[in-house]
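Chain by chain, the residues run as shown.
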Amino acid sequence: TGRQHPHGVALMAGKRAVQCIGPSYWLADRKAAVQRAMNWRMRAISGLGEDKQVILEPAPGLVSVIDFGAQTRGIFATEDREFVVAGTTLYETTTGAAVSRGDIVGTDPVDMEDGTDQLVIVTGAHGYVLNLTTNVLSGIADEDWRGSNSVAELNGTFIFIALDQPDQFYLSAIDDGSDLDALDFSSSD
């Protein structure tokens, strides 16, 4: 018979104390540490009379929902919609099914950002705009498009980092990621 220590340590008469519940860590050198808890998480217990403050409980596993059959290049979620670029296709996955919204060239990672009614997708020399109202995807064809691997949105304006001069950023028109002006740029200071 043994008694329970308030911090989750089992005390046995004439025996060593053993930590029953506590954080887990793992080191490559098994001589230094052999603690490892896989697929378990700590959960706090509340209530009067509980002798442990936390317990270990199993963590739920991952469930495969959609198999795109290609490498995922980017994922983006708006307030109420989800998008994935896998292979050369832009998918909307909001309903749990993959609905194609158009083709994105290349194999490099993409960056995405949304505005009022547009989703802008960039991948180096290529840029795209998905109209979130009509679900029509079109390439950025403006002659002032300089390419970008990064896009951000601020107050309706899309901000791109120039491929040809990475110390410069340039801006789109308000609420239109495909309308660019060569004079709307600045350099980092």
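Structural notes, computed from the coordinates. Note that the coordinates shown come from a computational prediction; the quantities given were computed from them, not determined experimentally.

With that out of the way, let us pick up the pairing of strand S17 (residues 176–187). Pairing geometry for strand S16 (residues 168–173) and S17, over five bridges, is antiparallel. Of the residues in S17, the one forming a bridge with Ala173 is Asp176. Hairpin connection, S16 to S17: the antiparallel pair is bridged by two residues, and Asp175 has positive phi, about 60 degrees.

Another aspect to go through is the sheet that holds S16. The strands making up a sheet are joined through hydrogen bonds of the backbone, oriented either antiparallel or parallel. Strand order across the open sheet formed by four strands is S14-S15-S16-S17, with antiparallel pairing between neighbours. Each edge of the sheet is formed by a strand with only one pairing partner; in this case those strands are strand S14 (151–154) and S17. When strand polarity is set aside, the average angle formed by the axes of neighbouring strands in this sheet is 30 degrees.

Here we take up the environment of Val122. Assignment of secondary structure puts Val122 in strand S11 (residues 118–123). Judged by its relative accessible area of 0%, Val122 is buried. The spatial distance from the C-alpha of Val122 to the C-alpha of Asp111 is 5.4 Å, given a sequence separation of eleven residues. Dropping the residues within four chain positions of it, Val122 is found in contact with Pro109, Val110, Asp111, Gly127, Trp145, Ser148, Asn149, Ser150, Val151 and Phe160.

With that settled, consider the side chain of Ser172. By the secondary structure assignment, Ser172 is in strand S16. By relative accessible area, which is 5% here, Ser172 ends up buried. Looking at Ser172, its side chain comes within polar contact range of the main-chain oxygen of Asp176, at 3.5 Å. Sequence-distant contacts of Ser172, defined by excluding residues within four places in its chain, comprise Thr157, Phe158, Phe160, Gly177, Asp179 and Leu180.

Attention shifts here to the pattern of salt bridges. A complete count under the given rule lists three salt bridges for this structure. The closest approach of N and O atoms between Glu92 and Arg101, which form a salt bridge, is 2.9 Å. With relative accessibility at 8%, the residue Glu92 sits in the buried group. Between Asp164 and Arg146 there is a salt bridge, and its shortest N-O distance comes to 3.0 Å. Residue Asp164 is located in the loop between strand S15 (157–161) and S16, and its partner Arg146 is located in the loop between strand S13 (137–139) and S14; the two are separated by 18 residues in the primary sequence.

Pairing in this open sheet of four strands is antiparallel, and the strands run S6-S7-S8-S9 from one edge to the other. Across the chains shown, the open sheet's two edge strands, defined by having one partner strand only, are strand S6 (72–77) and strand S9 (99–103). When strand polarity is set aside, the average angle formed by the axes of neighbouring strands in this sheet is 20 degrees. Where strand S8 (residues 89–92) and S9 come together, four bridges link them in antiparallel fashion.

Here the focus is the packing of aromatic side chains. Enumeration over the complete set of coordinates arrives at four aromatic pairs. Here Trp145 and Phe160 contribute two aromatic rings whose centre-to-centre distance is 5.2 Å and whose plane-to-plane angle is 90 degrees, an arrangement assigned as edge-to-face. Linking Trp145 in the loop between S13 and S14 with Phe160 in strand S15, this pair joins segments that are 15 residues apart in sequence. Across the pair, exposure class does not vary: Trp145 and Phe160 are buried alike. Ring centres of Phe160 and Tyr170 lie 5.3 Å apart, and the angle between their planes is 35 degrees; on these two criteria the pair is classed as tilted. In this pair, Phe160 sits in strand S15 while Tyr170 sits in strand S16, placing the two residues ten residues apart along the sequence.

We now examine the environment of Thr78. By the element assignment, Thr78 lies in the loop between S6 and strand S7 (82–86). Residue Thr78 is classed as buried on the basis of its relative accessible area, which comes to 15%. Residues Thr78 and Gly115, 37 residues apart in the sequence, show an inter-C-alpha distance of 9.3 Å.

About the thresholds
Here the residue numbering is sequential within each chain, running from 1 through the sequence in written order. In keeping with the predicted nature of the model, local features appear solely for residues at pLDDT of at least 70, side-chain atom pairs appear and are counted solely at 80 or more, and the whole-chain, interface and lining totals rest on all residues. Only hydrogens and water are set aside when side-chain values are computed; all heavy atoms of the structure are taken into account. When DSSP finds two or more bridges between a pair of strands, those strands are recorded as paired. Under the scheme used here, helices are H or I runs from DSSP no shorter than 4 residues and strands are E runs no shorter than 2 residues, and both carry numbers assigned from the N terminus. Lines fitted to C-alpha atoms define the axes here, with helix axes fitted over just the stretch in contact, and angles between the N-to-C directions of these axes take values from 0 to 180 degrees. Burial status follows relative accessibility: with a 1.4 Å probe on protein chains alone, a residue under 20% of its type maximum counts as buried, one over 50% as exposed, and anything between as partly exposed. Working rule for contacts: check all heavy atoms of both residues, and any pair within 4.5 Å makes them a contact. Side-chain atoms alone can form a polar contact between residues adjacent in sequence; in general such a contact is a pair of N or O atoms within 3.5 Å, and within protein one must be able to donate a hydrogen while the other accepts it. The salt bridge definition used is simple: a Lys or Arg side-chain nitrogen within 4 Å of an Asp or Glu carboxyl oxygen. The aromatic pairing rule takes the rings of Phe, Tyr and Trp, using the six-membered ring of Trp, and pairs them if the centres are within 6.5 Å, calling planes under 30 degrees apart stacked, those over 60 edge-to-face and the rest tilted.

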